[in-house]
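So you can see what is in the structure, the chains are spelled out below.
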Amino acid sequence: MGIRTLIVMLVASLLVIAILATQPAYSLFLPQLLEGALLTAQITVLGALLAVVMGVLAALGKLYGPAPVRWLANIYIEIFRGTSALVQLFWLFFVLPQFGISLEAYTVAVLALGLNIGAYGAECARGAITSVARGQWEAATALNMTRGQMLRRIILPQAFVAMIPPWGNLFIELLKSTALVSLITLSDLAFKAQEMNQTTMKTIPIFTLVLVIYLAMSLVITIGMRYLEGRASRGLARGRTV
Amino acid sequence: MTDKPIVRFDKVSKRYGPLTVLDSLELDIFRGEKVAIIGPSGSGKTTVLRMLMTLETIDDGVIWVDGEPLTHMERNGKLVRADQAHIRKIRARIGMVFQSFNLFPHMTAMANCIEAPMTVLGMKRQDAEARAADLLDMVGLAQKKEHYPSQLSGGQQQRVAIARALAMRPKIMLFDEVTSALDPELVGEVLQVIRKLGSEHDLTMLMVTHQMGFAKEFADRICFFYQGKICEQGHPKEFFGSPKNDRTKQFLHAVLEAG
Ligand SMILES: Nc1ncnc2c1ncn2[C@@H]1O[C@H](COP(=O)(O)OP(=O)(O)OP(=O)(O)O)[C@@H](O)[C@H]1O
Ligand SMILES: [Mg+2]
């Protein structure tokens, strides 16, 4: 879908929220829902940052690390991809304290979801890094760069461009999986909705608002990633003029 | 030209599994010499350049550059396999231009040319840019400094690649069929740049080429490879004028026939 269409959709969903906010039946719930949405957004952004760092590190470790690092990277990826985010969340929140490590629910949410998405991201990153043409390494070698310089200056900048679209999908997965954090006592958007639904039974207005708010947030992610992709691929695309 | 070779292949062999690509190759190249390597497909021409650029390891023998071993280093009077630090030290004297250009697509022509001088040689941006501007001017691309590779023609890209390699001030330049990927009308502009470089007496040039006319006019020596060995070599006049080896005759006949 073109970025214009996406922006139109985002504006439309914000308009829908604004219009509904003028209706007393809806405006009643909006402040609480927005409060929940703020928490959802925070966990998504922090989780995404953690996921990027972990994903790129794990991919580099798996590709180029010495044996122990490769090993660690593999264990991380397999554990966090092979078990569900819910179990990871519960484990960090309920089991870890038994070993004397108690983390706040908010921290656990960011950690568990970030590490989970990071493990998937590591595979995207690895694919993107290995997809950079061999000639790029060879040209860098002929210019006498060190391996670190090649990675930093030549390979990773090109790999990042290839990573952006799959990462965009993962961030949306992350946004959706934040709904799980209500199970470890956090009042995110989904939690607020359920809570108010139980007390007021106003299912239609509440869940209509929730739907549009989630949609708006995921559109922000998609548009942001498209923008990044466009910026990062400057020069990589054929046939533009300066 | 002096007596001491700037590059010496000393009984160098290269194998891929059971396939021997180069068989105990002996080849000396002298300072400032322009050597053209020709031969049929699969005869090991590219492999020779790639080994010298350290893009391939070697299985036997030693490659020497400027009197120092490239593939090996001296330890307690014995030659052992070179480590990365040693390879980088010697490799600094060599530059290479590839058939497929291999420019960095995320960088402008200028950025391609200042990248290694800055990161590898530690040059200041200003100095690196001045050097790159001179080189881009020399290859006729002063107007295209801020263009990305995707905005340049093949011939222009290859000229940027030549400037990029020269920016590291190598003593030895390797060219592997640098015009093969180009449309015919773009070949001339790249050869013109190489001709210009040829007038630099200090620069040693080693080029694999199918351009017989260019080899004849440009090179000081032609090396004809056949099945991983140098089958015949000599000054272009004699080599093309009165080839001695039957394989050479066959090959020349075939390529001249093809035009
Ligand atoms: N990575 C590799 N693995 C296995 N065999 C290889 C590899 N690289 C090259 N070869 C083989 O080595 C031989 C020499 O290859 P090389 O590329 O040096 O030939 P060339 O003379 O440059 O040929 P051309 O004129 O087609 O470029 C060929 O038979 C080729 O198939
Ligand atoms: Mg070749």
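The sections below set out a description of the structure shown in this document. What you are looking at is a predicted structure, and each value in this text was computed from that prediction instead of being measured.

What counts and how
Residues numbered from 1 in each chain as written. Chains lettered and ligands numbered in written order. Predicted model: local features only at pLDDT ≥ 70, side-chain atom pairs only at ≥ 80, totals over all residues. Heavy atoms only, no water. Pairing = 2+ DSSP bridges. Helix = DSSP H or I, 4+ residues; strand = E, 2+ residues; numbered from the N terminus. Axes fitted to C-alpha atoms, helices over the stretch in contact; angles between N-to-C directions. Contact = heavy atoms within 4.5 Å. Salt bridge = Lys/Arg side-chain N within 4 Å of Asp/Glu carboxyl O. Buried < 20%, exposed > 50% of the residue type's maximum accessible area, 1.4 Å probe, protein only. Near = heavy atom within 4 Å. Polar contact = N/O pair within 3.5 Å; in protein donor to acceptor, adjacent residues only side chain to side chain. Nonpolar A, V, L, I, M, F, W, Y, C, P; charged D, E, K, R; others polar.

Looking now at the sheet that holds strand E10 (residues 204-208) of chain B. Residues and elements named next belong to chain B. Taken together, the 6 strands give an open sheet; going across it, the order is E8-E9-E10-E3-E11-E12, and neighbouring strands pair in mixed fashion. If you trace the sheet from one side to the other, it starts and ends with strand E8 (94-97) and strand E12 (229-234), each paired once. For this sheet, the mean inter-axis angle between neighbouring strands, taken without regard to orientation, is 20°. Across the sheet, helix H5 (residues 154-166) lies against E8 and strand E9 (172-176), angled at about 175° from E8, the strand it touches most.

A few words on the pattern of salt bridges. Within the structure shown, the criterion is met by 23 salt bridges over all chains. Between Glu138 of chain A and Arg134 of chain A there is a salt bridge; the shortest N-O distance is 3.6 Å. Taken together, the residues Glu138 of chain A and Arg134 of chain A, both in helix H7 (residues 134-142) and 4 residues apart, mark about one turn of the helix. Residue Glu138 of chain A is classed as buried on the basis of its relative accessible area, which comes to 11%. Classification of Arg134 of chain A as exposed rests on a relative accessible area of 60%. Here Glu33 of chain B ties to Arg221 of chain B by a salt bridge, and the two come within 2.9 Å at their closest N and O atoms. A residue pair is termed long-range when its members are at least 10 positions apart, and Glu33 of chain B in the loop between strand E2 (19-30) and strand E3 (34-38) and Arg221 of chain B in strand E11 (residues 221-226) qualify at 188 residues. Arg221 of chain B shares its class with Glu33 of chain B; the two are buried. Beyond isolated ion pairs, a larger network of salt bridges with shared partners links Arg134 and Glu138 of chain A together with Lys14, Arg50 and Glu56 of chain B.

All names here are of chain B. Around ligand 1 sit 13 residues in total, of which Ser41, Gly42, Lys45, Thr46 and Thr47 are the nearest. Contacts to ligand 1 include Gly42, whose backbone N or O atom sits 2.8 Å from an oxygen atom. Here an oxygen atom of ligand 1 and a side-chain polar atom of Thr46 are 2.7 Å apart. Of all elements in the fold, only E2 and helix H1 (45-52) reach the threshold of two or more residues within the shell around ligand 1. Here the residues of the shell around ligand 1 are counted per class, giving 4 nonpolar, 7 polar and 2 charged.

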